[in-house]
Amino acid sequence: MEAGFASYEDQIVESDYLELEELPDTDEPVYILGKQYDTKTGGTGPSSDAGWGCMLRCGQMMLAQALICQHLGREWRWEKHKKQAEEYHQILQCFLDRKNSCYSIHQMAQMGVGEGKSIGEWFGPNTVAQVLKKLALFDEWNSLAVYVSMDNTVVIEDIRKMCRYHPHTWGTGHSASYTHQSAWSRGSSAWRPLLLVVPLRLGINQINPVYIDAFKECFKMPQSLGALGGKPNNAYYFIGFSGDELIYLDPHTTQTFVDTEDAGTVQDQTYHCQKNPNRMKILNLDPSVALGFFCKEESDFDCWCTTVEKEILQKHSLRMFELAPKHPPHWPPFIPPRKPEVSTTGAELIESTDKLFEEEEFEILTV
C-alpha cells in the first residue's frame, strides 16, 4: 500500500483553552482588562488542531495523494531513510504547518472563514473541498484545476473548460478588467491536472445500502483518490475496501510541530503512515462523503467518464451522481475560477490578520 501524507488530531488539549472554570459554558465573549476572550478557543487562537482539524487533515491527505500522482507517479512509494526526489520535498513544503505553506492547516482554517466556518470549527467534506478549490488558485507550481461538483452532477463541458484555462499564464501583466472567458480563450489548450471532488449525501441518517456497490466501484478506478468522510465530528480518509469493510487512515494521533531544518529538509516521518490502516463496516459510514479523483491528462478524464457511465450509471437505477455532457441551461454560466484580484498572496493575507496560531507550539496530528 502506498503511504499517504498525513498530519492530524483529536484529543482536546487542556492548555489550548482559556481556563475560566468559574464561568458558565457559553458562546458569549468574555472581556477581561480591556481584552476580549473566547472561553472555547482561548486568547490568541488555537495552538493545536486537536479536537477540530481532522477533516482538514484528511483533505490534506487527499490533495497530497493527487500531487504525488502528478509529480512522482501513482506507483511511487515512500521508503524510510531513502533519498527522495526534489519534487517530493516541494510537495512536502506545501503542507508544512506554517502560515506561508500553500496548503497548511493555517491556510485551510483561514480560508474556511469564507465558507462560514470559524477558526477551530469542525469542517464537513464539502467545505474542505471548497477550501482546497480556493487555495489551489494561489498555487502556481502545481497549477491544479480543482472541480467540486454541484447538486450531485459532474458537468463534462465545464471540466474541459476549466482544465484548458490557465489562470497563472494570464493572471499577470494584463488589466484587472479582463474577463475570465477572454483569458481562457487566449490561453494554452494544454490540459491542467484535474482534482475532481464529488460531495455526496448517500442517505439521511445512515448510508443507504443501495449505494454500497457503486460506492465501492469508485475505489477500483485508476483515477481514485479515495473518499473523505467518517462519523459526525470524526473524519477519516478512506483509501479502499475489502468485502463490506472500508479501509481508512485515521488522523487522530497528536504529534509535535515539525520545523524546517537549516538545509531546507524536513523530518518527514510524521507525514507518513506509521500504523496499519484501520477498517470499518460500510454501513457504519456517515452518509455525508466526498469522492476524490485525479486526472493528470485529458485521456485520464475520458477514461474516467467511460468507466462511470459503464460501471455506475448503467448498472444502478438509483445513481450516486449524474454525469452531464453539457452545462445545464438553468444553471448560472460556468466561469473558470481565477486568483482573486488582491495585492497580497494567500499566505500574506493570513500574515496580515491577527495572530491566529502560536506557530512554535503548534501540534500536528498524524497517523
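Residues numbered from 1 in each chain as written. Predicted model: local features only at pLDDT ≥ 70, side-chain atom pairs only at ≥ 80, totals over all residues. Heavy atoms only, no water.

As recorded by an unreviewed UniProt entry, the protein chain carries the name Cysteine protease and is attributed to Engystomops pustulosus. UniProt, in its Function (unreviewed entry) section for the protein chain, records the words "Cysteine protease that plays a key role in autophagy by mediating both proteolytic activation and delipidation of ATG8 family proteins." (UniProt positions renumbered as here; feature names shortened; annotations may be inferred.)

Here we look at the overall build of the protein chain
When helices and strands are counted, the protein chain shows ten helices and 13 strands. By the burial criterion, 52% of the 367 residues in the protein chain qualify as buried. For the protein chain, long-range pairs separated by at least 24 residues make up 76% of all intrachain contacts whose partners lie at least 6 apart in sequence. On the protein chain, roughly 17200 Å² of surface is accessible, and the fraction owed to carbon and sulfur atoms is 49%. (Helix = DSSP H or I, 4+ residues; strand = E, 2+ residues; numbered from the N terminus. Buried < 20%, exposed > 50% of the residue type's maximum accessible area, 1.4 Å probe, protein only. Contact = heavy atoms within 4.5 Å. Areas by Shrake-Rupley, 256 points an atom, 1.4 Å probe, with all protein chains shown as cover.)

Observations concerning helix α3 (residues 105–113)
Extensive coverage of α3 is indicated by the burial of seven of its nine residues. What α3 keeps buried is the set I105, H106, Q107, M108, A109, M111 and G112.

So, the pattern of salt bridges
Counted according to the given criterion, the structure contains 13 salt bridges. Of the charged contacts in the structure, one is a salt bridge between E115 and K134, with a shortest N-O distance of 2.6 Å. Here E115, found in the loop between α3 and α4 (125–135), pairs with K134, found in helix α4; they are 19 residues apart in sequence, far enough to count as distant. Residue classification places E115 among the partly exposed positions, given a relative accessible area of 29%. For K134, a relative accessible area of 29% puts it in the partly exposed group. The residue E245 makes a salt bridge to R279 at a minimum N-O spacing of 3.1 Å. With E245 in strand β8 (residues 245–249) and R279 in strand β10 (residues 278–281), the pair connects residues that are 34 residues apart, well separated along the chain. Through salt bridges with shared partners, one network takes in R160, R164, E298 and D302. (Salt bridge = Lys/Arg side-chain N within 4 Å of Asp/Glu carboxyl O.)

Digging into the state of the cysteines
In a disulfide, the sulfur atoms of two cysteines are held together by a covalent bond. Counting across every chain of the model gives zero disulfides. Sulfur of C303: no disulfide; nearest cysteine sulfur belongs to C295 and is 8.9 Å away. Judged by relative accessible area, C303 falls into the partly exposed class, the value being 45%. Left unpaired, C305 is separated from the closest cysteine sulfur, that of C295, by 7.6 Å. (Disulfide = S-S within 2.5 Å.)

Digging into the sheet that holds β8
Pairing is mixed in the open sheet, where seven strands are placed in the order β3-β5-β11-β6-β7-β8-β10. Looking at strand neighbours, the two that pair on one side only are β3 (145–148) and β10, the edges of this open sheet. Sheet twist, expressed as the mean angle between neighbouring strand axes with direction ignored, is 30°. Of the pairings in the sheet, the one linking strand β5 (residues 194–201) to strand β11 (residues 288–295) comprises eight bridges and is antiparallel in character. For V197, the partnering residue across the bridge sits in β11 and is G292. (Pairing = 2+ DSSP bridges. Axes fitted to C-alpha atoms, helices over the stretch in contact; angles between N-to-C directions.)

Observations concerning the side chain of E217
Looking at the element boundaries, E217 is found in helix α8 (residues 212–220). Every residue in contact with E217, bar those within four places of it in the chain, is listed here: E311 and I312.

Some words on the packing of helix α1 (residues 54–71) against α4
What describes two packed helices is the angle between their axes and the distance between those same axes. Contact pair α1 / α4: the axes reach a minimum separation of 10 Å and the direction vectors enclose 55°. Considering the angle they form, α1 stands oblique to α4. Pair α1 / α4 crosses with right-handed handedness. Counted together, M55, L56, G59 and L63 of α1 and P125, V128 and L132 of α4 form the full contact between these two elements. Considered class by class, the residues forming the contact of α1 with α4 number six nonpolar, one polar and no charged. (Parallel < 35°, antiparallel > 145°, perpendicular 65-115°, else oblique. Left-handed = near helix turned anticlockwise from the far one by under 90°. Nonpolar A, V, L, I, M, F, W, Y, C, P; charged D, E, K, R; others polar.)

Observations concerning the environment of Y248
Position of Y248 among the secondary structure elements: in strand β8. What makes Y248 buried here is its relative accessible area of 9%. Taking C-alpha positions, Y248 is 5.4 Å from Y237, a pair spaced eleven residues apart along the chain. Among residues more than four places away in sequence, those in contact with Y248 are Y236, Y237, F238, I239, P277, N278, R279 and M280.

Observations concerning the packing of α3 against α4
Packing of α3 against α4 brings their axes to within 9 Å, and their N-to-C directions diverge by 105°. Taken together, α3 and α4 sit at an angle that is classed as roughly perpendicular. Contacts between α3 and α4 involve Q107, M108, M111 and G112 from the former and V128, V131, L132, K134 and L135 from the latter. Of the residues contributing to the contact of α3 with α4, the split by class is six nonpolar, two polar and one charged.

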